[in-house]
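Spelled out from the first residue to the last, the chains are:
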Amino acid sequence: MPLPFLTADRFDADDDVALPFDDHDQWRRPYRPGPWRVGIAALALLLASFVLLAAVVIAAAGAVGGALFTFGFAALIIACALRLLRMGVWVSRAGLRHVSFLRTRTVPWRQTAAVRTVQQPVRWLGLPRTVQGQALVLVRHGGEQTPLLTDHNADFLSRVEAFDRAADTVEAWNAEYGEDTEQVKNTAYAGAR
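Residues numbered from 1 in each chain as written. Predicted model: local features only at pLDDT ≥ 70, side-chain atom pairs only at ≥ 80, totals over all residues. Heavy atoms only, no water.

Here we look at helix 1 (residues 35-61)
Taking 1.5 Å of rise per residue, the 27 residues of helix 1 would be expected to cover 39 Å, and the 39 Å separating its terminal C-alpha atoms lies within 8% of that figure. Taken from the residues just after helix 1, G62 is the one with a positive phi, measuring 100°. (Helix = DSSP H or I, 4+ residues; strand = E, 2+ residues; numbered from the N terminus. Expected span 1.5 Å × (residues − 1).)

Structural data, given as structure tokens:
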């Protein structure tokens, strides 16, 4: 008995293509998480399951303090795995959101001067080692540049085509909503004169 509402089978898309969305007001990631990110999160959740099993054994042995500490440690591992899966670039009509492991920054489209792909040294899987690669960079009106995605991060390592599609999608969002807000400003300015 097929259950199409439980799977993404109803979409005729490849694995690397983002699922279609209709509501531009909701935050969405314009690409799928990469295999490195998903694999690391899966290993963390596997570790959390063993820690939870240990917590049950400790609780059954009667050491309530140790069991509570172990449950808390398992909850911390699960929260880290979920945050790892949430990391990346999210877009909506309101702006662009860059989610890192410890911090989330949201930039409205009206504050962005450009979103473009540049060749530069990038970090390999977020580690201190740098290699030559491509980065999707957010340029604000003051000239400040912030790298959003790289072709060597956990989402796009060895997936150059997926990086190009994701970069093009974010650039298209910027072109659509960044120019719209500029046109509104220009119209308001022309009406004030």
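Picking up where we left off.
A few points about the packing of aromatic side chains
Under the definition given, this model contains 3 aromatic pairs. Each ring, one from Y31 and one from F156, has its centre 5.0 Å from the other, and the planes form 55°; the classification is tilted. Within this pair, whereas Y31 is found in the segment before helix 1, its partner F156 is found in the loop between strand 6 (145-150) and helix 3 (160-192), the two being separated by 125 residues in sequence. Taking 5.3 Å as the distance between ring centres and 35° as the angle between the ring planes, the aromatic pair formed by W173 and Y177 counts as tilted. With a gap of 4 residues between them, W173 and Y177 both fall in helix 3, about one helical turn apart. (Phe/Tyr/Trp six-rings, centres within 6.5 Å; stacked < 30°, edge-to-face > 60°.)

Details of unusual backbone geometry
The backbone of S158 shows a phi angle near 65°, a positive value even though the residue is not glycine. Here S158 is to be found in the loop between strand 6 and helix 3.

Looking at the sheet that holds strand 5 (residues 130-140)
In spatial order, the strands read 4-5-6; together these 3 strands make up an open sheet with antiparallel pairing. Edge positions in the open sheet fall to strand 4 (112-123) and strand 6, since each of these has one partner strand only. Averaged over all pairs of adjacent strands, the angle between their axes in this sheet comes to 35°, without regard to strand direction. The sheet contact formed by strand 4 and strand 5 spans 11 bridges and is antiparallel. (Pairing = 2+ DSSP bridges. Axes fitted to C-alpha atoms, helices over the stretch in contact; angles between N-to-C directions.)

As for the sheet that holds strand 1 (residues 88-92)
Spatial ordering of the open sheet is given by 1-2-3, a layout of 3 strands whose pairing is antiparallel. Looking at strand neighbours, the two that pair on one side only are strand 1 and strand 3 (104-108), the edges of this open sheet. Each strand axis lies, on average, 15° off the axis of its neighbour in the sheet, ignoring direction.

A look at the packing of helix 1 against helix 2 (residues 64-86)
At a minimum axis separation of 8 Å, helix 1 and helix 2 run at an interaxial angle of 170°. In terms of orientation, helix 1 lies roughly antiparallel with respect to helix 2. Taken as a pair, helix 1 and helix 2 cross one another with a handedness that is left-handed. Classifying every residue of the contact of helix 1 with helix 2 by side-chain character gives 23 nonpolar, 2 polar and 1 charged. (Parallel < 35°, antiparallel > 145°, perpendicular 65-115°, else oblique. Left-handed = near helix turned anticlockwise from the far one by under 90°. Nonpolar A, V, L, I, M, F, W, Y, C, P; charged D, E, K, R; others polar.)

The values reported here are purely geometric and, on their own, carry no functional implication.
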